[in-house]
Amino acid sequence: QVQLVESGGGLVQAGGSLRLSCAASRSIFSINTMRWYRQAPGKQREFVASIFSDGNTGYADSVKGRFTISRDNVQNILYLQMNSLKYEDTAVYYCYALVIPRNEYWGQGTQVIISS
């Protein structure tokens, strides 16, 4: 099992930056897939970014070029650097881990509010 705890959310003006963190309760070195998702009010949860154990990354089109996902396998932390934030980035952001073969874990979420 792994517990995930997000932090770093808050209120920021459009055009600003935030860095989200997701601390894991155990080593993430062997966790193949880690992702960030978000859920805006009244909308379904959506994929934001992913990072694999080999370092490869993937992004939703809506955040490509603005957000950067990274992982620190020593500190066991997943990051999401968010730049050029827009009002539509307002959402609760969730950390996700997929442990082989098919065990999925979610954090409790951290709120991000962008003021226009």
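So, here is what we can say about the structure in this document. (Residues numbered from 1 in each chain as written. Predicted model: local features only at pLDDT ≥ 70, side-chain atom pairs only at ≥ 80, totals over all residues. Heavy atoms only, no water.)

1. Topic: the packing of aromatic side chains
Summed over the entire model, instances satisfying the criterion amount to 4 aromatic pairs. Ring plane angle 70 degrees and centroid distance 5.6 Å describe the contact between Tyr37 and Tyr96, whose orientation is recorded as edge-to-face. On the criterion of sequence distance, the pair formed by Tyr37 in strand S4 (residues 33-39) and Tyr96 in strand S9 (residues 91-99) is long-range, its members being 59 residues apart. The same class applies to Tyr37 as to Tyr96, namely buried. An angle of 65 degrees between the planes, with centres 4.9 Å apart, marks the rings of Tyr96 and Trp106 as edge-to-face. Linking Tyr96 in strand S9 with Trp106 in strand S10 (residues 103-106), this pair joins segments that are 10 residues apart in sequence. An aromatic cluster is defined as three or more aromatic residues linked by ring pairs; in this entry it consists of Tyr37, Phe47, Tyr96 and Trp106. The ring of Tyr94 has Arg45 lying over it, and the distance from NZ or CZ to the ring centre is 3.7 Å. Between the NZ or CZ atom of Arg45 and the centre of the ring of Trp106, over which it lies, the distance is 4.7 Å. (Phe/Tyr/Trp six-rings, centres within 6.5 Å; stacked < 30°, edge-to-face > 60°. Helix = DSSP H or I, 4+ residues; strand = E, 2+ residues; numbered from the N terminus. Buried < 20%, exposed > 50% of the residue type's maximum accessible area, 1.4 Å probe, protein only. Lys NZ or Arg CZ within 6 Å of the ring centre and 35° of its normal.)

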